[in-house]
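Below are the chains, spelled out letter by letter.
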Amino acid sequence: MVVSKVMVILNLMGLVVCRSVPVNGRCGPQGRINITIFAFMNQWIAVSLLILGVSAPLQGQSVRYNLEQCIEQALKQNIDVQLSMLTESQAELSMNQAKSGFAPDLSASAGQFYQSGRSIDRFTNQFVQSTIGSNNFQLQGSVLIYGGGQTQNNFKQAKSNWLASQADLDAVKLSVILQVSGAYVQCLQSQEAENSAQNAASASQAQLERGQILFDAGGSNRGVLLGLKAQHANDLATLTAAQNNKNVALQNLKQLIRLPQNQVLEPVTESLGNIEAPFPYSAQQLVDSILYKRPDYRAAKYRLASAEFGLRSAKGALLPTLSLGGNLNTVYSDNAKNVDGVNLAGFSPIGRVQGTNEIVEAPKFDYQMSTIDFGEQVKNNFGQSLGVNLNVPIYSGMQRQNQVKSADVTVMRAKLNLDRIEQTVQNEVLSAYNNYQNAEKRYAANKESHELQKQNEQYVKQRLDAGAASFFEYQVAYANAQSAYQNFISAKYERAFRRIVLEFYLSPNVNPNAVAPEMPSLDK
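In short, a report on the structure.

Side note on a nonpolar patch on the surface
Together, Val339, Val342, Leu344, Phe347, Phe365, Tyr367 and Met369 give the surface a local cluster of nonpolar side chains, amounting to about 660 Å² of exposed area. Listing elements by their share of the nonpolar patch, those giving two or more residues are strand E6 (337-352) and strand E7 (359-371). As for its position among the elements, Val339 is in strand E6.

Pasting the structure below:
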């Protein structure tokens, strides 16, 4: 098999072995030698093609997925799910950042400084030209005692946003699950339609062969034979359409679960459950039970809570804030000296006595000094402070007041969005329930039609075999039976999918522990 694949590719590329028809009048050992040399010079091409021929079956081998595996594959690979997961992670980081606002603010600093130029010597009180090095160390902290509730409300707002992002992720997952389920049911329907069309084509093929034998033996006329050929051609056309619909359904499912294009997918035929049992809930019961289970509705409620916490935080910015702060600091300088000894170095004139004009001299000393040790300086220069700071906002260009108004508008928008989603959910649920009711009626009608048309086909077939009915009557009965069966298949799978939608709405199975958030009251 691998060799044949390589030979086909070689033929397509022009690397063919000499055929029986001579090329330029020459076809023999010399011609074969030329081609052999050419192939040897391009042996890397042959090796590459051989590798491709070996690996192709591995890349294109089929996989069998059931509905659960398809959903799992889609949830892992879907881009919208991955983006929503990143958004949820960012919201969690924001919540953790807001939580850190409850902790005290603590910071430490250390510095190395050099001062060069003129300075006053504290021992001689004279200007000196020198370079002085120093170190500063400081530890300071503060804790907010009262901040108008901004820290608490900011954390609650961030937490509500995080919960809303989780609900958004559940909504995206639920949407993917419904899409994959619909595509999977469509694949099962197209597979059964293809099997039905294949059986019909095989049956018409057998009838055509039997009719051809009868016609050749003189047992039937040409009109009957042409009718059989037309029926078989029509069944083949139906089979082609069914195969095309199956390919389209499979391609749609592969795109949803993001399988490679060269991967062959074979959906596992699963039971559709007891679709004969009536749905146990009414439309109003569905609305009452589904509303708080819908992730998009939960997300809207969380966002309303977030907006109200944001309004509280904005109002808290109008209130005074009280904080407690402390500071520890010390300093080291290489200009801090200890006097180790003093020697009299002589006298120096400093002036004259008025009247006698005698010279006044002052003693001149030499100091033996050493830099004070680092640890001693740090200990001696250690300082500490503790204080309370009260900040009262008076005027900030109406900035805080405008933030309160903006937060109030955000709350109103969140309420309207919640009302809109609630109405959308109700309409969607009622529409899904009505679609299921219609699908149920369509299924019952098409099931009865299929059974009756099948009985009618068998009855006309018996009459045709007995010579009591014409072949045209049988063709009509056969076509009606096939059409009724196709309609029955479509109605059966549509009813199954409509029921799957309702059951997903009742129990999304995305985050079963999620509950509706309690809304904060602004009057507290």
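Here the narrative resumes, following the displayed structure.
What to know about the packing of aromatic side chains
For any pair of aromatic rings, the description consists of the separation of the ring centres together with the inter-plane angle of the planes. Scanning all chains against the criterion turns up eight aromatic pairs. Note on Tyr332 and Phe374: the rings are 5.1 Å apart at their centroids and 55° apart in plane angle, and the pair reads as tilted. Here the residue Tyr332 occupies a position in strand E5 (residues 321-333), and Phe374 occupies one in helix H10 (residues 374-380), the gap between them amounting to 42 residues. Classification of Tyr332 as buried rests on a relative accessible area of 16%.

Observations regarding the nonpolar core
If you look at the biggest cluster of nonpolar residues, it comprises 54 residues, and the most contacted ones within it are Val180, Leu253, Ile257 and Leu286. With residues up to four places along the chain from it excluded, the contact list for Leu253 reads Cys70, Val180, Ala183, Tyr184, Cys187, Leu265 and Pro267. Counting residues in each nonpolar core, the second largest holds ten residues, with Leu225, Leu228, Ala469 and Tyr478 among its members.

What to know about unusual backbone geometry
In most cases, non-glycine residues show a negative phi, while peptide bonds are predominantly trans. Unusually for a residue other than glycine, Arg258 sits at a positive phi of about 55°. As for its position among the elements, Arg258 is in the loop between helix H7 (222-257) and strand E4 (264-267). Residue classification places Arg258 among the partly exposed residues on the basis of a relative accessible area of 41%. Phi is positive for Asn357, close to 60°, though the residue is something other than glycine. Residue placement: Asn357 occurs in the loop between E6 and E7. On the basis of relative accessible area, Asn357 is assigned to the partly exposed category, the value being 47%.

Let's talk about the packing of helix H5 (residues 79-99) against helix H6 (residues 150-216)
Packing of H5 against H6 leaves a shortest axis separation of 8 Å and a crossing angle of 170°. Relative to H6, H5 is oriented roughly antiparallel. Crossing geometry of H5 relative to H6 is assigned as left-handed.

Regarding the packing of H6 against helix H9 (residues 295-316)
Where H6 contacts H9, the axes come no closer than 8 Å and their chain directions differ by 165°. One element, H6, and the other, H9, form an angle in the roughly antiparallel class. Judged by the sense of rotation from one axis to the other, the crossing of H6 with H9 is left-handed. Taken together, the residues that form the contact of H6 with H9 break down as ten nonpolar, ten polar and seven charged.

Description of the environment of Leu256
In this structure, Leu256 sits in helix H7. Residue Leu256 is classed as buried on the basis of its relative accessible area of 19%. Along the chain, Leu256 and Val176 lie 80 residues apart, while their C-alpha atoms are 8.0 Å from each other. Apart from residues lying up to four places away in sequence, Leu256 is in contact with Ala74, Gln179, Val180 and Ala183.

A look at H9
When the terminal C-alpha atoms of H9 are compared, their 31 Å separation across 22 residues agrees well with the 32 Å that a helix rising 1.5 Å per residue should span. Of all the 22 residues making up H9, 19 are buried; the element is thus mostly covered by neighbouring parts of the structure.

Quick word on the pairing of E7
Here E6 runs beside E7; their pairing, made up of 13 bridges, is antiparallel. Note that in E7 the partner of Lys337 across the bridge is Thr371. Linking E6 to E7, which pair antiparallel, is a turn of six residues; within it Gly355 sits at a positive phi near 100°.

Let's talk about the side chain of Glu457
Within the secondary structure layout, Glu457 lies in helix H11 (residues 399-466). Here Glu457 occupies a buried position and makes no salt bridge, while the nearest side chain of opposite charge, Lys454, is found at 7.6 Å.

Some points on the pattern of salt bridges
Within this structure, the stated rule accounts for twelve salt bridges. Note that Glu428 and Arg294 form a salt bridge whose closest N and O atoms lie 3.4 Å from each other. Placement of the pair is Glu428 in helix H11 and Arg294 in the loop between helix H8 (283-290) and H9, with a sequence separation of 134 residues. According to the relative accessible area criterion, Arg294 is buried, its value standing at 6%. Here Arg442 makes a salt bridge to Glu494, at a shortest N to O gap of 2.6 Å. Here Glu494 lies in helix H12 (residues 471-506) and Arg442 lies in helix H11, a separation of 52 residues in the sequence. On the basis of relative accessibility, which here comes to 30%, the residue Arg442 falls in the partly exposed class.

About the criteria used
- Residues numbered from 1 in each chain as written.
- Predicted model: local features only at pLDDT ≥ 70, side-chain atom pairs only at ≥ 80, totals over all residues.
- Heavy atoms only, no water.
- Patch = residues over 30% accessible without salt bridge, like charges linked within 9 Å, V, L, I, M, F, W, Y side chains within 5 Å.
- Areas by Shrake-Rupley, 256 points an atom, 1.4 Å probe, with all protein chains shown as cover.
- Salt bridge = Lys/Arg side-chain N within 4 Å of Asp/Glu carboxyl O.
- Helix = DSSP H or I, 4+ residues; strand = E, 2+ residues; numbered from the N terminus.
- Phe/Tyr/Trp six-rings, centres within 6.5 Å; stacked < 30°, edge-to-face > 60°.
- Buried < 20%, exposed > 50% of the residue type's maximum accessible area, 1.4 Å probe, protein only.
- Core = buried A, V, L, I, M, F, W, Y, C linked by side-chain atoms within 4.5 Å.
- Contact = heavy atoms within 4.5 Å.
- Axes fitted to C-alpha atoms, helices over the stretch in contact; angles between N-to-C directions.
- Parallel < 35°, antiparallel > 145°, perpendicular 65-115°, else oblique.
- Left-handed = near helix turned anticlockwise from the far one by under 90°.
- Nonpolar A, V, L, I, M, F, W, Y, C, P; charged D, E, K, R; others polar.
- Expected span 1.5 Å × (residues − 1).
- Pairing = 2+ DSSP bridges.
- Lys, Arg positive; Asp, Glu negative; His and termini not counted.

It is worth stressing that arrangement in space is one thing and function is another; only the former is reported here.
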